[in-house]
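Summary of structural features
What follows is each chain in one-letter form.
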Amino acid sequence: MTTVQTAPAPSMRLRELVFGAACAAALRAAARLGVADALDDSPRAVEDLAAAVKTEPQPLRRLLRALSCHGVFAEQPDGTFAHTDMSRLLREDDPHSLRAITLWCTEPWTWDAWPRLDEAVRTGRNVVEDLYGKEFFTYLNEDAPESADIFNRAMTTSSMQSARDVARFLDLSGASSVADIGGGQGHVVASLLEKYPSLQGTLLDLPRVVENADARLRAGGALADRMRIVPGDCRAAVPVKADVYIIKNILEWDDDSTSRTLRNVIEAGGPGTRVVVIENLVDDTPSMRFSTAMDLLLLLNVGGAKHTTESMVGRLTGAGLVIDDVRPVNPYLHAFDCTVPENRAG
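Attention in this report is confined to the structure presented alongside it. Since we're looking at a predicted model, the values are computed, not measured. Numbers given to residues run from 1 along each chain, matching the order in which its sequence is written. Reporting of local features is limited, given that this is a predicted model, to residues whose pLDDT is at least 70; pairs of side-chain atoms are given and counted only at 80 or more, and all residues count toward the totals for whole chains, interfaces and linings. Side-chain measures here rest on the full set of heavy atoms in the structure, leaving out hydrogens and waters.

**Remarks on the overall build of the chain**
Filter applied, for reference: Strands are runs of DSSP state E lasting at least 2 residues, helices are runs of H or I lasting at least 4, and numbering of each runs from the N terminus. Values of the radius of gyration come from C-alpha atoms, whereas the globule rule sets the reference at 2.2 Å times the count of residues to the power 0.38. A contact between two residues is defined here by any heavy atoms of the two lying within 4.5 Å. None of His or the chain ends enter the tally, which takes Lys and Arg as positive and Asp and Glu as negative. To locate a charge, take atom NZ for lysine, CZ for arginine, CG for aspartate or CD for glutamate.
Helix and strand counts for the chain come out as 17 helices and 9 strands. Against the 2.2 N^0.38 benchmark of 20 Å for 346 residues, the chain shows a C-alpha radius of gyration of 22 Å, consistent with a compact globule. For the chain, long-range pairs separated by at least 24 residues make up 64% of all intrachain contacts whose partners lie at least 6 apart in sequence. Taken as two groups, the 36 positive and 48 negative side-chain charges of the chain have centres that lie 1 Å from each other.

Below, the structure written as structure tokens:
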């Protein structure tokens, strides 16, 4: 029976860390093989699992044993394997599934990029353009369509899950309209419209993004009569008037793009407008191991960065916003609740 090891000596902990790629690869293999989907509520023999997922039993046992050391699956005294809270998240049908995220963070391009992190740290530039001769998302869409599909599914899953948390967190009882800026498929604004039956909503994002907006928001959808979908680039203009603007997980670009987006939102809303910025932070959060890893991945693929509390405050106040409150939405997101000051020229 494999047990989860606790508090190893520093020398062993470092040895474990340098084999971090083995853990990531094991998670990817389990997700691609569908092992979690083949395992139900009762423990199952490796031979049965191997037949279900079409692998050899002994290598599968080795894979499961390695993952069990990290609390993903659990080896029983009789040699069978059972689900844990983490392994269930690899199931496709779990409401909190992280299967798509697991695949996205271990896609083939990541294995090309991580070894060049020292280069990215030296130069402050992404390494993807040197690796593939193209900007990251151009490379995905033109040369790695399967990876682009995984990205879209991962972002949709993540957005749907966090949207519920954002809707629970935000109090918009005094507002009549809300605009989701750079809001992707609109899961956040959809969740808010469901929470507040009299609220009017707007979704602004690139044309190729909003054409795949949440079905609830499109013509014929349950929320369509209270919804306006606007194709556009928020870095160029925000042709949307609302009481509240939500900007979630898009201020990770270069400084100029971030500044232009905030300026456009402020100019669109005018004095007294509420602006809620929601971001992952790399400090003051219980999920620092996750957010700092994502920060490094952003450096590698697009040359972007996650924010610290201080850098986010600096961006927002530098744009002219007054920060009224900063609070965690969930273990990995913080909300900066801001106002456009009344003395600002409209």
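**Some details on the sheet that holds strand S9 (residues 333-339)**
Short version of the rule: Two strands qualify as a pair provided that DSSP identifies no fewer than 2 bridges between them. To obtain an axis, a line is fitted to C-alpha atoms, over the contacting stretch when the element is a helix, and the angle between two such axes runs from 0 to 180 degrees between their N-to-C directions.
Taking strand neighbours across the sheet as the criterion, the 7 strands line up as S5-S4-S3-S6-S7-S9-S8 in an open arrangement whose pairing is mixed. Edge strands, defined here as strands with exactly one partner in the open sheet, are strand S5 (227-231) and strand S8 (322-330). Pairs of neighbouring strands in the sheet enclose a mean axial angle of 20 degrees, with direction left out of account. Across 4 bridges, strand S3 (residues 177-181) lies against strand S6 (residues 244-248) in parallel orientation. For Ala179, the partnering residue across the bridge sits in S6 and is Tyr245. Sheet strands touched by helix H12 (residues 145-169): S6, strand S7 (274-279), S8 and S9. Its angle to S8, the strand with the most contacts, is close to 130 degrees.

**Some points on the pattern of salt bridges**
The criterion, for reference: The term salt bridge refers to a side-chain nitrogen of Lys or Arg lying within 4 Å of a carboxyl oxygen of Asp or Glu. Note on exposure labels: buried denotes an accessible area under 20% of the residue type's maximum, exposed denotes more than 50%, and partly exposed covers the range between, all computed with a 1.4 Å probe on protein chains only.
With the rule as written, the count across this model stands at 20 salt bridges. Here Arg13 ties to Glu16 by a salt bridge, and the two come within 3.3 Å at their closest N and O atoms. Of this pair, Arg13 and Glu16 both sit in helix H1 (residues 10-18), 3 residues apart, which is roughly one turn of that helix. A relative accessible area of 32% places Arg13 in the partly exposed class. Residue classification places Glu16 among the partly exposed positions, given a relative accessible area of 33%. For Arg153, the salt bridge goes to Asp149, with nearest N and O atoms at 3.3 Å. Of this pair, Arg153 and Asp149 are both found in helix H12, 4 residues apart, which corresponds to roughly one turn of the helix. The exposure class of Arg153 is partly exposed, given its relative accessible area of 32%. Counted as one network, the salt bridges with shared partners bring together Lys134, Glu142 and Asp143.

**Focus on the pairing of strand S4 (residues 200-205)**
What counts, and what does not: Throughout, right-handed denotes a crossover for which the path from the first strand over the helix to the second runs clockwise when the strands point away from the viewer.
Taking burial as the measure, the 6 residues of S4 include 5 buried ones, the bulk of the element. In terms of strand pairing, S3 meets S4 through 5 bridges, oriented parallel. Of the residues in S4, the one forming a bridge with Ser177 is Gln200. The β-α-β motif built from S3, the intervening helix H13 (residues 187-195) and the parallel element S4 has right-handed crossover chirality. Here S4 runs beside S5; their pairing, made up of 5 bridges, is parallel. Following the sheet pairing, Leu204 is matched in S5 by Val230.

**Here we look at the state of the cysteines**
Selection rule: Put simply, a disulfide is two cysteine sulfurs that come within 2.5 Å.
Per the stated rule, a full pass over the model turns up 0 disulfides. Cys69 forms no disulfide, and the closest cysteine sulfur to it belongs to Cys23, at a distance of 9.5 Å. In this model Cys234 remains outside any disulfide bridge; the closest cysteine sulfur is found in Cys338, 16 Å from its own.

**Structural notes on the side chain of Thr84**
Heads up, the condition is: What qualifies as a polar contact is a pair of N or O atoms within 3.5 Å, subject to a donor-acceptor requirement within protein and to the restriction that residues adjacent in sequence count only when both atoms come from side chains.
Within the fold, Thr84 resides in the loop between strand S2 (81-82) and helix H6 (85-88). Given a relative accessible area of 16%, Thr84 falls into the buried group. Polar side-chain contacts of Thr84 include one of 2.7 Å to the backbone oxygen of Gly71. Aside from chain neighbours lying at most four places away, what touches Thr84 is Gly71, Val72, Phe73 and Ala74.

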